[in-house]
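# A closer look at the structure
Spelled out, the chains give:
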Amino acid sequence: MTASTPPVPVLEVDDLRVRFRARRGHVPAVDGVSFSLTPGEILGVVGESGCGKSTLCSALTRLLPDNAEVTGSIRYRGEELLTKTAAEMRALRGREITMVLQNPMTAMDPLFTVGSQFDEVLRHNSAMSASERGARALEMLRLVHIPSPAERLASYPHQMSGGMKQRMLTAMATALKPGLLLADEPTTALDVTIQEQILRLLAEIRASLGTAIILVTHDLGIVRRLADRMVIMYAGRAVETGETEAVFTDPQHPYTRALLASIPRIGQTNRRLTAIDGQIPDLANLPPGCAFAPRCPQAMPRCAEDYPPSFDTGPDRTACCWLHDTPRKDAAA
Ligand SMILES: Nc1ncnc2c1ncn2[C@@H]1O[C@H](COP(=O)(O)OP(=O)(O)O)[C@@H](O)[C@H]1O
Ligand code: SF4
Ligand SMILES: [Mg+2]
């Protein structure tokens, strides 16, 4: 491969839409989201609660509830996921596309040892022999820095702290070297020092296994440190996408600017997003134009009427905002 060959994406999401049929109406929880991910890349997905981050993850793994309608395209290593059978998806979820979720407490069965649960995962999803599975479990526990791994595997979930469980679940999720790991707010239920360790662990896993990671969080500090690229979601849309440092230093969407302005200063303990004026809109009753218009300091008359498309704002950067609807320079000639 020459330096100019772009890396083959592990995931390509194109115009993905998820609409829930709900009593309050149709909820467009994911509204035309497109992005791609190369092997070993970490993509941060940020946005306030209710903007569609978890729905996006469920769509990528085809784990949406029955009241969801999905359109668009999700290609994993070039293969379309939306047309795969349930059995094909189960096989993919077992080893290629795995997940670490928010609450480690409920993710393990209290009645079985951790080791037997780890072994089940490997037995179901691989052709490894019993001794290979045992060796792999120990290897993974070492990789995620769990001390006395053999003893740990013989223990029960309640004998582990929340942070230890999340390490264990991360080890299980990555034991078969998946191409893609979805981490949906994996540290929200943990205290700050443990959060730090889990995040460092994700970075190590990407480095040692080459796994691409989608990291959903509302902590922008985390994204800046870990993510190569980021997607900012608002009301189901990817309102801004780009390389992380570029987005932080030169945000192109007013919502991104509001988010960045809401980051508390270093030293404050609560780093969640709290300080943007106004409410997120009701997705079942969105305005016809830009969903951010009621809160946007730069809103123009057309913003309330016309739905802003995604504009290319630079190399590998997009923003859904009418401020970028400048006439092309060559158009005047
Ligand atoms: N099963 C469902 N039925 C109807 N609406 C849903 C369902 N799941 C989520 N939603 C709605 O979809 C929107 C996005 O939710 P979610 O993806 O959980 O956001 P986030 O993870 O960013 O907080 C919300 O308005 C939520 O109420
Ligand atoms: S389209 Fe208009 S309202 Fe929406 S973010 Fe841009 S300037 Fe603000
Ligand atoms: Mg969520």
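Residues numbered from 1 in each chain as written. Chains lettered and ligands numbered in written order. Predicted model: local features only at pLDDT ≥ 70, side-chain atom pairs only at ≥ 80, totals over all residues. Heavy atoms only, no water.

The next subject is the confidence of the model for the protein chain. The predicted structure's coordinates, where accompanied by low pLDDT, should not be read in detail. Of the residues in the protein chain, 93% have a pLDDT of 70 or more, and the chain-wide mean is 91. Across the protein chain, the secondary-structure element scoring lowest on mean pLDDT is helix α7 (residues 192-209), at 89, and the one scoring highest is strand β4 (residues 68-76), at 98. (pLDDT = per-residue confidence, 0-100. Helix = DSSP H or I, 4+ residues; strand = E, 2+ residues; numbered from the N terminus.)

With that settled, consider the packing of aromatic side chains. Under the defined criterion, the tally for this structure stands at four aromatic pairs. Their ring planes at 70 degrees and their centres at 5.2 Å tell us that Tyr-255 and Phe-292 sit as a pair that is edge-to-face. Residue Tyr-255 is found in helix α10 (residues 254-261), and its partner Phe-292 is found in the loop between α10 and β11 (311-314); the two are separated by 37 residues along the sequence. We note that Tyr-255, like Phe-292, is buried. Taken together, the aromatic side chains of Tyr-234, Tyr-255 and Phe-292 make up a single cluster linked through ring pairs. (Phe/Tyr/Trp six-rings, centres within 6.5 Å; stacked < 30°, edge-to-face > 60°. Buried < 20%, exposed > 50% of the residue type's maximum accessible area, 1.4 Å probe, protein only.)

This part takes up the environment of Thr-113. Among the structural elements, Thr-113 can be located in the loop between β6 (97-100) and α3 (114-125). Separated by 212 residues in the primary sequence, Thr-113 and Asp-325 have C-alpha atoms spaced 58 Å apart. Apart from residues lying up to four places away in sequence, Thr-113 is in contact with Leu-153, Ala-154, Ser-155 and Tyr-156. (Contact = heavy atoms within 4.5 Å.)

This part is about the site of ligand 1. In the vicinity of ligand 1 there are 15 residues, among which Arg-24, Gly-50, Lys-53, Ser-54 and Thr-55 approach most closely. The separation between an oxygen atom of ligand 1 and a polar main-chain atom of Gly-50 is 2.6 Å. Note that an oxygen atom of ligand 1 is positioned 3.1 Å from one of the backbone N or O atoms of Gly-52. Compared with its free state, where it exposes 560 Å², ligand 1 has 71% of that area covered by protein. At the level of elements, β2 (25-37) and α1 (53-60) are the ones that each hand at least two residues to the shell around ligand 1. Considered class by class, the residues forming the shell around ligand 1 number six nonpolar, six polar and three charged. (Near = heavy atom within 4 Å. Polar contact = N/O pair within 3.5 Å; in protein donor to acceptor, adjacent residues only side chain to side chain. Areas by Shrake-Rupley, 256 points an atom, 1.4 Å probe, with all protein chains shown as cover. Nonpolar A, V, L, I, M, F, W, Y, C, P; charged D, E, K, R; others polar.)

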